[in-house]
Amino acid sequence: MFRQFTATRSLAKALAMSTAITTLSLSVAQADDIVRPAAGATAYESYPYAAHYAQLPSGPRMHYLDEGDGEVPLLLIHGIPTQAYVWREVIPHLAQSQRVIAIDQPNWGYSDHTPEVRGGVPCAGHYADWIGEFVDTLGVEQVRLVIFDMGFTGFLYAARNPEEVAGIAFFETVLGPLPRDRVPPFIEAVLSDQGIALSTEANFFTETLLFNNAFNGAEPLPFRTMTRDLNDAEAAVYSGARPTPAHRQAELFDRECLGFIGARESDPGTPTKKAHNLAEFTEFATYLATTDTPRLAIFGNPGLVMPAMLEGVVTGAVPPEQGGWQSTQTVSVAHMAAPTLHYWPEERNGAPEELAGHILDWIAQDD
């Protein structure tokens, strides 16, 4: 489905914008003017979750939700362009029996925008370090990760801190380096000369992908990322966290930070940077394939990012010499019955409850 997309309209919209891309050179103080709830206040209207903040030793303050009780917390890690808010309908089901911590990664949601965003886009290693600092700051000995989309930064955290990770559940994410000759057209557009304007000025990831073009008046995509459209109030939460192009520079992650097999000379970044990105993706791919840590792979109906053919990779049906995982004894697999495309937690067709149920069943098996 992704292969059908052409970004002509979105690119034209981006290039037509009059605001100069030099807006991105705003200072942190100027750009970081997001309206955030106070610590202890209600994080989101109509939901009973209190806002919490953790000050990391390296500088950024991270916003998170903390609900329920349990010995080994579930750490929910969002993707692009979402935040902890994306889990709001999943959390109540998990929190009935588990402690659930949903974070805003730095540069997303109500967490601080970091100085690195001004001088360069933070990549997987930055986020992995911040997740590690966050876990240490909370004084938690072990967590179970729930990873979605760009939440694969949690894979790299796990690879570097395996003793802190009791299990990993994941869906709609990538499991290692990406073949450059097979990237979908919208990633090609992000990698192009117009990619900065597309990601920041045109707000592509939010208004086009997340919102299914429901609010920006652009030509609809030939595919959807969820089966419904967000309502105005829901969209306002996401838009409010990234109100200007300066706030959206972290959305250049897909342009600056993906680890490609066969990266092209024309792709953004120096050869050294491209090699570093590939090394980070290879690092967590190797960990996933060889660890004995319990892993739960959840496949969609039909999903968009994790195709069904990956089931053979994680279960051992595909041999290691062809890319299959070597360690599969502690791998579990679940399949969604509810119609699910990419943003499963945002569905209202039973998917949030079903997703939580798969995770709880997996924990019960592990315990």
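Residues numbered from 1 in each chain as written. Predicted model: local features only at pLDDT ≥ 70, side-chain atom pairs only at ≥ 80, totals over all residues. Heavy atoms only, no water.

Peer 1: Just to check I follow, could you spell out the overall build of the chain for this structure?
Peer 2: The helix and strand tally for the chain stands at 14 helices and ten strands. Evaluated residue by residue, the chain yields a buried proportion of 59% over its 367 residues. Intrachain contacts of the chain at a sequence separation of at least 6 include 70% that bridge at least 24 residues. With the model as given, the accessible surface of the chain reaches about 14200 Å², and the carbon-plus-sulfur share is 51%. (Helix = DSSP H or I, 4+ residues; strand = E, 2+ residues; numbered from the N terminus. Buried < 20%, exposed > 50% of the residue type's maximum accessible area, 1.4 Å probe, protein only. Contact = heavy atoms within 4.5 Å. Areas by Shrake-Rupley, 256 points an atom, 1.4 Å probe, with all protein chains shown as cover.)

Peer 1: Would you take a moment to explain the nonpolar core for this structure?
Peer 2: Nonpolar side chains tend to gather and get buried jointly when the protein is soluble and globular. In this structure, Tyr44, Leu75, Trp87, Phe134, Leu145, Ile168 and Ile359 are the most contacted members of the largest nonpolar core, which totals 114 residues. It is helix 5 (residues 124-138) that contributes the most residues to this core, seven residues altogether. Leaving out residues up to four positions away in the same chain, Leu75 has contacts with Ile101, Ile103, Ile131, Phe134, Val135, Val143, Arg144, Leu145 and Val146. (Core = buried A, V, L, I, M, F, W, Y, C linked by side-chain atoms within 4.5 Å.)

Peer 1: Is there a simple way to think about unusual backbone geometry in this case?
Peer 2: The bulk of non-glycine residues show a negative phi, and the bulk of peptide bonds are trans. The step from Ile80 to Pro81 runs through a cis peptide bond, and the omega angle for that step is -5°. Following Asn301, the chain continues to Pro302 via a peptide bond in cis, the omega torsion being 10°. Topologically, Pro302 is positioned in the loop between strand 9 (295-299) and helix 13 (310-315). Residue Asp149 is not a glycine yet carries a positive backbone phi of 60°.

Peer 1: Sorry if this is basic, but what is going on with the confidence of the model for the chain here?
Peer 2: Close inspection of predicted coordinates is inappropriate for parts of the model with low pLDDT. Overall, the predicted model of the chain reaches an average pLDDT of 89, with 88% of residues at or above 70. Note that pLDDT drops below 50 for residues 1-31; the model gives that stretch 59 contacts with residues more than four away or on any other chain. (pLDDT = per-residue confidence, 0-100.)

Peer 1: Explanation requested: the pairing of strand 2 (residues 61-67) in the structure shown.
Peer 2: On any regular strand, side chains alternate: one points to one face of the sheet, the next to the other face. The element strand 2 is extensively covered by neighbouring structure, given that six of its seven residues are classed as buried. Relative to strand 2, strand 1 (residues 52-55) runs antiparallel, the two sharing four bridges. Its bridge partner being in strand 2, His52 is matched across the sheet by Tyr64. Counted between consecutive antiparallel strands, the loop separating strand 1 from strand 2 contains five residues, among which Gly59 sits at a positive phi close to 135°. Bridge count between strand 2 and strand 4 (residues 100-103): four bridges; the pairing is antiparallel. (Pairing = 2+ DSSP bridges.)

Peer 1: Help me understand the packing of aromatic side chains in this model?
Peer 2: The description of an aromatic ring pair rests on the distance of the ring centres and on the angle between the ring planes. If you walk through the whole model with that rule in mind, you get 22 aromatic pairs. When the ring of Tyr127 is compared with that of Trp130, the centres are 5.2 Å apart and the planes differ by 85°; the resulting orientation is edge-to-face. In this pair, Tyr127 and Trp130 both sit in helix 5, three residues apart, roughly one turn of the helix. Grouping residues by exposure puts Tyr127 and Trp130 together as buried. The structure contains a cluster of three or more aromatic residues connected by ring pairs, namely Tyr127, Trp130, Phe152, Phe155, Phe170, Phe253, Phe281, Phe284 and Trp325. Across from the ring centre of Tyr53, 3.8 Å away, lies the NZ or CZ of Arg61, which sits over that ring. (Phe/Tyr/Trp six-rings, centres within 6.5 Å; stacked < 30°, edge-to-face > 60°. Lys NZ or Arg CZ within 6 Å of the ring centre and 35° of its normal.)

Peer 1: Looking at this structure, how should I read helix 6 (residues 153-160)?
Peer 2: In an α-helix, one turn spans 3.6 residues, which is why side chains three or four residues apart end up on the same side. Counting buried residues in helix 6 gives seven out of eight residues, a clear majority hidden from the surface. Every buried residue of helix 6 is listed here: Thr153, Gly154, Phe155, Leu156, Tyr157, Ala158 and Ala159. Buried-residue contacts for helix 6 involve strand 3 (74-77), helix 5, strand 5 (143-148), strand 6 (165-171) and helix 12 (271-290).

Peer 1: Is there a simple way to think about the pattern of salt bridges in this case?
Peer 2: As a working rule, side chains carrying opposite charge can pair if their charged atoms are close by. Evaluated as defined, the whole model comprises 16 salt bridges. Residue Arg264 pairs with Glu188 through a salt bridge whose shortest N-O separation is 3.7 Å. Of this pair, Arg264 sits in the loop between strand 8 (260-261) and helix 12 while Glu188 sits in helix 7 (residues 185-191), and the two are 76 residues apart along the sequence. For Arg264, a relative accessible area of 37% translates into the label partly exposed. (Salt bridge = Lys/Arg side-chain N within 4 Å of Asp/Glu carboxyl O.)

Peer 1: I tried to follow the packing of helix 6 against helix 12 on my own but got confused; where do I start?
Peer 2: Pairs of packed helices are described in terms of their axes, by the angle between the two and the distance that separates them. Their axes nearest at 9 Å, the elements helix 6 and helix 12 cross at an angle of 70°. In terms of orientation, helix 6 and helix 12 fall into the roughly perpendicular class. Note that helix 6 runs across helix 12; the crossing there is left-handed. In this structure, helix 6 contributes Phe155, Leu156, Ala158, Ala159 and Arg160 to the contact, and helix 12 contributes Glu280, Glu283, Phe284, Tyr287 and Leu288. (Axes fitted to C-alpha atoms, helices over the stretch in contact; angles between N-to-C directions. Parallel < 35°, antiparallel > 145°, perpendicular 65-115°, else oblique. Left-handed = near helix turned anticlockwise from the far one by under 90°.)

Peer 1: Explain the sheet that holds strand 6 here, please?
Peer 2: Strands pair in a sheet through their backbones, by hydrogen bonds, and they do so in one of two ways: parallel or antiparallel. Pairing is mixed across the open sheet formed by eight strands, whose spatial order is 1-2-4-3-5-6-9-10. Each end of this open sheet is capped by a strand with a single partner; those strands are strand 1 and strand 10 (331-335). Taken over all neighbouring pairs, the strand axes of this sheet differ in orientation by 25° on average, direction set aside. The pairing of strand 3 with strand 4 spans four bridges and is classified as parallel.

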